[in-house]
Amino acid sequence: MGERIWTAALVVIGDEILSGRTQDKNIAQIASWLNVQGIRLAEVRVVPDVQAAIVEAVNALRARNDYCFTTGGIGPTHDDITVDAIAAALGVGVVVHPHARAVLERYYQTKGGLTDARLRMARVPEGADLIPNRMSGAPGIRVGNLFILAGVPHITAGMLDALTGTLEGGLPVVSRTVGSWVAESEIAEFLRETEHAHEGVSIGSYPFFRDGKTGANFVVRATDQALVDACVEALIAGLKARGLETVEGGI
């Protein structure tokens, strides 16, 4: 018996992807995130904002994979029907999650308050848990082996981050953090190249603004310490070559 390979599937939800108005970035992002944890993205389906299509795709894909992820359709507008569709797929009701409501109330306190539309983002299939989202308040949702994520790539990234190392079947992930006082945009290309040059490694970039200065912390993750260390050394060398100081452990 070889080692069991854990698999995941992804359902990308949204008319705007199918019409070509929006180019999907989440397939690559989720594939590499899973890869780093030793889980294989086995299949992807792109479906419209239509309940029957979402139900059919989710039920088919979750049945033959260890995990099923969805992206898109969990915002405040009437065409955001992912939660209802997944509840229908699971044969459960939809409830307002008290913790999600509290998170949104806090987030929108200074932004005009919690409107009915915004409260839609606290709705979850009955029995679901939340996936924290430090970007926009509205949490992702986990129910059984289903993970319901936002469609906006940088928000999706934050949710994936919260899930790192929590999936059964994934290998334990090791990480190292390096910080630098630099605008993320200035070195985005360099970060991409460095990640690309070190297979099996992911680099998370977390910009911040402090004391009137812009900086970023870079978290390098893999299932192998030697890989992480090699990538961190390359990062430090590249930043140094650009005249940038680095702080081990982050700023």
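Refer to the structure presented above.
Please read all numbers here as calculations on a predicted model, not as lab measurements.

Asker: Account for the sheet that holds strand β9 (residues 174-180), naming residues and giving values.
Answerer: In space, the four strands of this open sheet follow the order β10-β11-β9-β12, with antiparallel pairing throughout. Looking at which strands have only one partner, the edges of the open sheet turn out to be β10 (202-210) and β12 (247-248). As judged from the seven bridges shared by β9 and strand β11 (residues 213-222), these two strands associate in the antiparallel manner. The partner of arginine 176 across the bridge, within β11, is valine 220.

Asker: Which residues make up the packing of helix α8 (residues 184-197) against helix α9 (residues 225-241), and what values do they have?
Answerer: For the pair α8 and α9, the least separation of the axes is 10 Å and the interaxial angle reads 150 degrees. The angle between α8 and α9 falls in the class roughly antiparallel. The hand of the α8/α9 crossing is right-handed. Of the residues in α9, those touching α8 at Ile187, Phe190, Leu191 and Thr194 are Cys231, Ala234, Leu235, Gly238 and Leu239.

Asker: Describe the sheet that holds strand β7 (residues 140-143), and please don't skip the residues or the numbers.
Answerer: With respect to topology, six strands assemble into an open sheet ordered β2-β1-β3-β8-β7-β6, the strand pairing being mixed. Two strands in the sheet have a free side with no partner beyond their single neighbour: β2 (40-47) and β6 (129-131). For this sheet, the mean inter-axis angle between neighbouring strands, taken without regard to orientation, is 20 degrees. Direction of pairing for strand β3 (residues 67-71) relative to strand β8 (residues 146-149): parallel, over a ladder of four bridges. Looking at β8, one finds that threonine 70 is bridged to isoleucine 148. Sheet strands touched by helix α3 (residues 51-63): β1 (7-13), β2, β3 and β8. Its angle to β2, the strand with the most contacts, is close to 165 degrees.

Asker: Provide a residue-level description of the nonpolar core, including the pertinent values.
Answerer: As a rule of thumb, soluble globular proteins bury nonpolar side chains together. One finds Val11, Leu34, Tyr67, Phe69, Leu149 and Leu167 to be the most contacted residues of the largest nonpolar core, which totals 43 residues. Elements supplying a minimum of two residues to this core: β1, α2 (26-36), α3, β3, α4 (82-90), β7, β8 and α7 (153-163). Every residue in contact with leucine 34, bar those within four places of it in the chain, is listed here: Ala8, Ile39, Leu41, Phe69 and Leu167. Membership of the second largest hydrophobic core comes to 17 residues, among which are Phe190, Leu191, Ala222 and Val232.

Asker: Which residues make up the side chain of threonine 70, and what values go with them?
Answerer: For threonine 70, the position within the fold is in strand β3. Taking relative accessible area as the criterion, threonine 70 reaches 0% and is therefore assigned buried. When near neighbours in sequence (up to four residues on either side) are disregarded, threonine 70 contacts Leu10, Val11, Ile13, Val58, Thr82, Ile86, Phe147, Ile148 and Leu149.

Asker: If you had to explain helix α5 (residues 98-108) to someone new, which residues and values would you point to?
Answerer: Within the sequence span of α5, burial applies to Ala100, Val103, Leu104 and Tyr108. Viewed end-on, α5 has its buried residues packed into an arc of 115 degrees, placing them on one side of the element. Across from the buried face of α5, at angles greater than 90 degrees, the exposed residues are Pro98 and Arg106.

What counts and how
Residues numbered from 1 in each chain as written. Predicted model: local features only at pLDDT ≥ 70, side-chain atom pairs only at ≥ 80, totals over all residues. Heavy atoms only, no water. Pairing = 2+ DSSP bridges. Helix = DSSP H or I, 4+ residues; strand = E, 2+ residues; numbered from the N terminus. Axes fitted to C-alpha atoms, helices over the stretch in contact; angles between N-to-C directions. Parallel < 35°, antiparallel > 145°, perpendicular 65-115°, else oblique. Left-handed = near helix turned anticlockwise from the far one by under 90°. Contact = heavy atoms within 4.5 Å. Core = buried A, V, L, I, M, F, W, Y, C linked by side-chain atoms within 4.5 Å. Buried < 20%, exposed > 50% of the residue type's maximum accessible area, 1.4 Å probe, protein only. Arc of directions from axis to C-beta.

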